[in-house]
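Take a look at the letters that make up each chain.
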Amino acid sequence: HDEIEDAYRSAEDTVRNTVDAFISNPRTNPQLNVGNVPLQLEIDIEAQRTMLEGLLRDWNTEIMALSAEGPHASAVVSAQSNLAKVVTFLVTINAALNQAVPSVSVTQSDISGYIVEIGAARTALNTSVSALTSAQTADRNAATALTSSERALALKKAGATPEDIEAQEAQIRVAEASLEDARAQLRKTIVSAPFTGTVTAVDAKVGSIVAGNTNA
């Protein structure tokens, strides 16, 4: 739960504090103010900022509805998706800043400062992404451990006592002895010669008893 809230706060701070410092009317009618940038990048950034306003609002509502106990698996997936969208937003802004040309109201020093701030914001978001991934992995491991414990408990409750196990092992030993005896009897049914050759005649018939050293 804490990792999800931290992710939200990091995203909100990035958008509403870091980025909105150079966007006019960010929540209602975003207008980018970072000098002269390619028109398409400007349009994309302003459209993404509008989208993120709704995303942050819905994300906050989702977090407020979370219980302390969980489960939070779906909320973690949602947070990861939301962070990815904010990261994409920063990538687009960074591309615009790298192509920005100073204007009357925005100097090159301003642009360079924005680039540094966006870089720091991306680092903070990446930390949140890593924390969410770790939380997700820990949750899966805990679920697996719980399942294993439940299965072990079920087997224990089934009542397998040491005496039961010993009796079963005795049955296995009896079966192994029976198998070896059957194999020994099978070997006695095989007629073999101490040398290689071709069988030309068989005098003994099925069911006959043949004494040792008797020609068959």
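In this text, all values refer to a predicted model and were calculated from it rather than measured experimentally.

1. Observations regarding the overall build of the protein chain
The helix and strand inventory of the protein chain stands at 5 helices and 2 strands. Each helix and strand of the protein chain, ordered N terminal to C terminal, gives the series α-β-β-α-α-α-α. Classification of the 216 residues of the protein chain by burial places 26% in the buried group. Of the contacts made within the protein chain by residues no fewer than 6 positions apart, 72% connect residues no fewer than 24 positions apart. Summed over all atoms, the accessible surface of the protein chain reaches about 14400 Å², with 56% contributed by carbon and sulfur.

2. Points about the side chain of Asn 82
Here Asn 82 shows up in helix α3 (residues 73–99). The exposure class of Asn 82 is buried, given its relative accessible area of 8%. Residue contacts for Asn 82: discarding those within four places in its chain leaves Leu 55 and Trp 59.

3. Regarding the packing of helix α2 (residues 39–64) against α3
In contact at an axis separation of 10 Å, α2 and α3 are set at 155° when each is read in the N-to-C sense. It follows from the interaxial angle that α2 and α3 lie roughly antiparallel. Pair α2 / α3 crosses with left-handed handedness. When its residues are assigned to classes, the contact of α2 with α3 shows 14 nonpolar, 6 polar and 4 charged.

4. Here's the deal with the confidence of the model for the protein chain
With 70% of its residues at a pLDDT of at least 70, the protein chain reaches an overall mean of 80. Long-range and interchain partners of residues 185–192, a stretch whose pLDDT sits below 50, account for 1 contact in this model, where long-range means more than four residues apart.

5. Brief notes about helix α1 (residues 2–18)
For α1, which comprises 17 residues, the first-to-last C-alpha distance of 22 Å matches the rise-based estimate of 24 Å (1.5 Å per residue) to within 8%. Along α1, the residues that are buried comprise Ile 4, Ala 7, Tyr 8, Ser 10, Ala 11, Thr 14, Val 15, Arg 16 and Thr 18.

Parameters and conventions
- Residues numbered from 1 in each chain as written.
- Predicted model: local features only at pLDDT ≥ 70, side-chain atom pairs only at ≥ 80, totals over all residues.
- Heavy atoms only, no water.
- Helix = DSSP H or I, 4+ residues; strand = E, 2+ residues; numbered from the N terminus.
- Buried < 20%, exposed > 50% of the residue type's maximum accessible area, 1.4 Å probe, protein only.
- Contact = heavy atoms within 4.5 Å.
- Areas by Shrake-Rupley, 256 points an atom, 1.4 Å probe, with all protein chains shown as cover.
- Axes fitted to C-alpha atoms, helices over the stretch in contact; angles between N-to-C directions.
- Parallel < 35°, antiparallel > 145°, perpendicular 65-115°, else oblique.
- Left-handed = near helix turned anticlockwise from the far one by under 90°.
- Nonpolar A, V, L, I, M, F, W, Y, C, P; charged D, E, K, R; others polar.
- pLDDT = per-residue confidence, 0-100.
- Expected span 1.5 Å × (residues − 1).

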